[in-house]
Amino acid sequence: MTSVIFQEHETLDGHLIGEICLNAPRTLNALSHEMIQLINPQLDQWQENPRVVALLLSGAGDKAFCAGGDVVAAWRMIDAGDFDATDRYFAQEYRLDYRLQTYPKPIVCWASGYVMGGGLGLMNGCSHRVVTETSRLAMPEVTIGLFPDVGASYFLNRLSGQTGLFMGLTASQVSARDACWLGLADYALTLDQRPELLSGLLSGLWNQGDNAAVITQVLEGLAQSAQPAFADMLTPIQTYQDLFETLLSGDQIADFVERLVALETEDPWLLKARETLLAGSPLSVCLIAEQLKRTRQLSLKAVFQAEMQLASQCCRQGEFVEGVRALLIDKDKTPKWRFKKVETVDPGVLESFFQQPWTENPLAAL
């Protein structure tokens with residue numbers, strides 16, 4: 001069974017919509033090295049084919065569009081001491097994300113179910129991002145000793161106020177309504193509108209000057225009719241904007257942890273955020289805060305280059321491999337983090353993550 005399914009849908013006026021479907025539902029469509037190797041040449045082919053006017057990116061099954069990168073495969077490479085292989089994997093993943101961001105034809109992402117980590121990187125690269133009533137967006141890397149990558153340094157830094165930092169530190173899940181409000185998604189449709197989306201695209205008038213506008217017209221009509229289905233959806237991100245600012249005021253990340261621990265609340269969403277933060281890697285907590293501070297003014301290309309450096313160091317320095325072991329390999333959920341609390345994280349160790357482990361960044365020529 002192939003890990004990616006490619007289809008070409010012919011429009012009524014004789015053009016083609018190319019569809020990429022991640023096909024690994026048992027692993028929640030985790031983005032593997034094989035998937036990346038399959039997708040890139042297909043993108044080449046469709047880019048050169050004048051009949052192809054737009055792409056559709058989706059995931060197989062009902063549970064997830066893509067729940068992240070294949071960190072288990074990365075763990076095996078690290079366990080074998082093959083850091084060249086992990087560098088290649090992250091470099092190829094980031095190149096794919098960057099390519100989607102700069103692709104010359106519009107791409108619709110149907111981001112239903114879990115959209116996490118590497119999945120959010122793929123989604124964020126698309127021109128038209130669709131979420132549904134089952135969508136749950138998150139950057140959960142703090143739980144495995146990593147950091148929000150795949151361009152998150154760019155898109156988290158562009159969210160309202162301190163929301164991006166809060167999401168990165170707590171791995172908080174974002175619903176469809178909040179995703180659209182934040183600008184992480186463009187349209188909220190219901191699951192049963194998927195056939196209507198495809199039929200609308202196939203009946204569009206293409207190559208009349210602006211193909212992206214054809215997609216926008218279809219999606220705006222569907223989103224309008226879907227609004228009642230999302231009317232009662234909870235929106236904690238919108239609700240707690242002021243709280244995020246209060247919790248994250250000042251420069252000391254230890255103060256944020258203390259404030260969140262002391263917060264008197266019975267809201268399950270906030271309680272989950274606190275629980276995840278306290279279970280996550282203290283080193284990652286400090287790394288994420290420093291990452292987003294240092295990348296705030298960087299271009300998209302420079303962001304991927306900076307993240308490449310951080311990912312490479314995470315693979316070499318042990319925290320990431322221990323996090324994956326505890327959560328996904330042995331599944332004992334008791335990681336032995338390098339530091340017990342954020343207050344005890346060595347500034348010298350933290351600084352070492354921002355040093356290149358090679359003479360030239362693998363994404364230097366991005």
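Cut-offs and rules
Residues numbered from 1 in each chain as written. Predicted model: local features only at pLDDT ≥ 70, side-chain atom pairs only at ≥ 80, totals over all residues. Heavy atoms only, no water. Pairing = 2+ DSSP bridges. Helix = DSSP H or I, 4+ residues; strand = E, 2+ residues; numbered from the N terminus. Axes fitted to C-alpha atoms, helices over the stretch in contact; angles between N-to-C directions. 1 Å grid on protein atoms, 1.4 Å probe; cavity = no way out; pocket = protein on both sides within 12 Å on 5 of 7 lines; lining within 4 Å. Points joined across faces, edges and corners; volume = space filled by probe spheres on them. Nonpolar A, V, L, I, M, F, W, Y, C, P; charged D, E, K, R; others polar. Buried < 20%, exposed > 50% of the residue type's maximum accessible area, 1.4 Å probe, protein only. Core = buried A, V, L, I, M, F, W, Y, C linked by side-chain atoms within 4.5 Å. Right-handed = clockwise from strand over helix to strand, strands pointing away. Parallel < 35°, antiparallel > 145°, perpendicular 65-115°, else oblique. Left-handed = near helix turned anticlockwise from the far one by under 90°. Contact = heavy atoms within 4.5 Å.

(A) Here's a closer look at the sheet that holds strand β7 (residues 128-131). The six strands are arranged β1-β2-β3-β5-β7-β9 in an open sheet whose pairing can be described as mixed. Of all strands in the sheet, those with a lone pairing partner are β1 (4-10) and β9 (187-188), marking the two edges. Inspection of the sheet shows strand β3 (residues 52-59) paired to strand β5 (residues 107-111) by three bridges, in the parallel sense. Bridge pairing in β5 places leucine 56 opposite valine 108.

(B) Representation of the sheet that holds strand β4 (residues 64-66) in the model. Reading across the sheet, the three strands line up as β4-β6-β8 and stay open at both edges, with parallel pairing between neighbours. Edge positions in the sheet fall to β4 and β8 (136-138), since each has one partner strand and no second. Recorded for the sheet is a direction-independent mean angle of 15° between the axes of neighbouring strands. Bridge analysis of β4 against strand β6 (residues 114-116) gives two bridges, and the strand direction is parallel. In the sheet register, alanine 64 faces β6, and the bridge partner there is tyrosine 114.

(C) Just the layout of surface pockets, in detail. Counted as a void, the largest pocket has a volume near 1,300 Å³. Breaking the lining of the largest pocket down by element, the ones donating at least two residues are α1 (33-48), α2 (71-79), α3 (83-101), α13 (268-279) and α16 (319-329). Top element by residues in the lining of the largest pocket is α13. It accounts for six residues. Of the residues contributing to the lining of the largest pocket, the split by class is 23 nonpolar, 14 polar and eleven charged. Reported here for the second largest pocket is a volume of approximately 580 Å³. Residue lining of the second largest pocket: 26 residues in total, with Asp251, Ile253, Ala289, Glu290 and Lys293 positioned closest to the centre. Only α6 (163-170), α12 (253-262), α14 (282-294) and α17 (347-352) provide two or more residues apiece to the lining of the second largest pocket. Counting residues per element, the lining of the second largest pocket draws most heavily on α14, which supplies five residues. Taken together, the residues of the lining of the second largest pocket sort by class into 13 nonpolar, seven polar and six charged.

(D) A look at empty space enclosed by the protein. On inspection of all chains with the given rule, the structure shows one cavity of 30 Å³ or more. For the largest cavity, the full set of lining residues is Ile20, Ile39, Leu55, Leu56, Leu57, Leu96, Leu100, Ile107 and Leu122. For the lining of the largest cavity, the secondary structure elements donating two or more residues are β3 and α3. Ranked by the residues each element gives to the lining of the largest cavity, the list is headed by β3, at three residues. Taken together, the residues of the lining of the largest cavity sort by class into nine nonpolar, no polar and no charged.

(E) Local environment of the environment of phenylalanine 6. Structurally, the position occupied by phenylalanine 6 is in strand β1. In this structure the C-alpha to C-alpha distance between phenylalanine 6 and glutamine 42, which are 36 residues apart in sequence, comes to 8.2 Å.

(F) Unusual backbone geometry, seen in detail. Even without glycine at this site, valine 150 takes up a positive phi of about 50°. Relative to the assigned elements, valine 150 resides in the loop between β8 and α5 (152-155). Residue classification places valine 150 among the buried positions, given a relative accessible area of 2%. Even without a glycine there, the phi angle at asparagine 207 is positive, about 55°. On the secondary structure map, asparagine 207 appears in the loop between α8 (194-202) and α9 (211-230). According to the relative accessible area criterion, asparagine 207 is partly exposed, its value standing at 42%.

(G) Quick look at the nonpolar core. Among the nonpolar cores identified, the biggest contains 103 residues, and Phe65, Met123, Phe256 and Phe320 are the most heavily contacted of them. Leu189, Leu202, Trp206 and Leu222 belong to the second-largest nonpolar core, a separate cluster that totals 19 residues.

(H) Expanded view of the pairing of strand β2 (residues 16-22). Counting buried residues along β2, seven of its seven residues qualify, which places the element largely inside the surrounding structure. Residues Leu16, Gly18, Ile20 and Leu22 line one face of β2 and the alternating positions Ile17, Glu19 and Cys21 line the opposite face, and both faces are buried. By the bridge criterion, seven bridges tie β1 to β2 in an arrangement that is antiparallel. Paired with isoleucine 5 across the strands is cysteine 21, a residue of β2. Joining the antiparallel neighbours β1 and β2 is a turn of five residues, in which glycine 14 adopts a positive phi near 90°. Taken together, the seven bridges between β2 and β3 define a ladder with parallel strand orientation. The residue bridging isoleucine 20 from the neighbouring strand is leucine 57, located in β3. Once you follow β2 into α1 and on to β3, the crossover reads as right-handed.

(I) Region of interest: the packing of α12 against α13. Contact pair α12 / α13: the axes reach a minimum separation of 10 Å and the direction vectors enclose 135°. The angle between the axes of α12 and α13 places the two elements in the oblique class. Here α12 runs over α13; the crossing is left-handed. Of the residues in α13, those touching α12 at Phe256, Val257, Leu260 and Val261 are Ala273, Arg274, Leu277 and Leu278. Class assignment of the residues belonging to the contact of α12 with α13 gives a composition of seven nonpolar, no polar and one charged.

Just distances and angles here, no functional claims.
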